[in-house]
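Here are the chains, one letter per residue:
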Amino acid sequence: MSEHKHEHHILSIKTAGIILGLLLLLTTITVGVSRINLGFLNVAVAMTLATTKALLVILFFMHMKYESRFMQAIVFMCFLILAIFIGFTFFDVAYR
């Protein structure tokens, strides 16, 4: 059996608190922006804020920031494929 060396990274309370504060701030901004009529930009702003929040969760709470480049590339590819599918859905709805 080969022995794998895994380093566990423990997020400090300060860092977790900062990330939590950022997530709460971004959620507040999302709610505030949803009350403003920006036309088609409402969707773009909402998706940008949601993507930013997802990135923070993945990087820090799921510890992807401390993973190998290969694992980061795999997760990035998954999100890229998801973004392509969501983009196709928006184009489909926009041209109906």
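Here the structure is a predicted model, which means the values were calculated and not measured. (Residues numbered from 1 in each chain as written. Predicted model: local features only at pLDDT ≥ 70, side-chain atom pairs only at ≥ 80, totals over all residues. Heavy atoms only, no water.)

Chemist: Can you break down the environment of Tyr66 residue by residue, with the values?
Modeler: Within the secondary structure, Tyr66 is located in the loop between α2 (41-61) and α3 (69-94). By relative accessible area, which is 35% here, Tyr66 ends up partly exposed. Considering only alpha carbons, one finds Tyr66 and Leu11, 55 residues apart in sequence, at a separation of 10 Å. (Helix = DSSP H or I, 4+ residues; strand = E, 2+ residues; numbered from the N terminus. Buried < 20%, exposed > 50% of the residue type's maximum accessible area, 1.4 Å probe, protein only.)

Chemist: Which residues make up the layout of surface pockets, and what are the values?
Modeler: Empty space left among the atoms is revealed by rolling a probe the size of a water molecule over them. Space inside the largest pocket adds up to approximately 650 Å³. Taken together, 24 residues form the lining of the largest pocket, with Met47, Thr51, Phe79, Leu82 and Ala83 sitting closest to its centre. Taken together, the elements giving at least two residues each to the lining of the largest pocket come down to α2 and α3. If one sorts the elements of the lining of the largest pocket by residue count, α3 sits on top with 13 residues. Taken together, the residues that form the lining of the largest pocket break down as 21 nonpolar, three polar and no charged. (1 Å grid on protein atoms, 1.4 Å probe; cavity = no way out; pocket = protein on both sides within 12 Å on 5 of 7 lines; lining within 4 Å. Points joined across faces, edges and corners; volume = space filled by probe spheres on them. Nonpolar A, V, L, I, M, F, W, Y, C, P; charged D, E, K, R; others polar.)

Chemist: Run through the packing of α2 against α3, naming residues and quoting values.
Modeler: The contact between α2 and α3 brings their axes to 13 Å, and the two run at 165°. In this view, α2 runs roughly antiparallel relative to α3, as classed from their interaxial angle. By crossing handedness, the relation of α2 to α3 is classed as right-handed. Along the contact surface, α2 presents Val43, Met47 and Ile58, while α3 presents Val75, Phe79, Ile86 and Phe90. Residues that form the contact of α2 with α3 fall into these classes: seven nonpolar, no polar and no charged. (Axes fitted to C-alpha atoms, helices over the stretch in contact; angles between N-to-C directions. Parallel < 35°, antiparallel > 145°, perpendicular 65-115°, else oblique. Left-handed = near helix turned anticlockwise from the far one by under 90°. Contact = heavy atoms within 4.5 Å.)

Chemist: So, helix α1 (residues 13-34): which residues are in play, and what are the values?
Modeler: Think of an α-helix as 3.6 residues a turn; residues three or four steps apart then line up on the same face. In a regular helix each residue adds 1.5 Å, so 22 residues correspond to 32 Å; α1 covers 31 Å between its end C-alpha atoms and thus fits that length. When we look at burial in α1, the residues that qualify are Ile19, Leu23, Leu26 and Val33. Buried positions in α1, seen along its axis, are confined to an arc of 95° and lie on one side of it. Turned more than 90 degrees off the buried face of α1, the exposed positions are Ile13, Lys14, Leu24 and Thr28. (Expected span 1.5 Å × (residues − 1). Arc of directions from axis to C-beta.)

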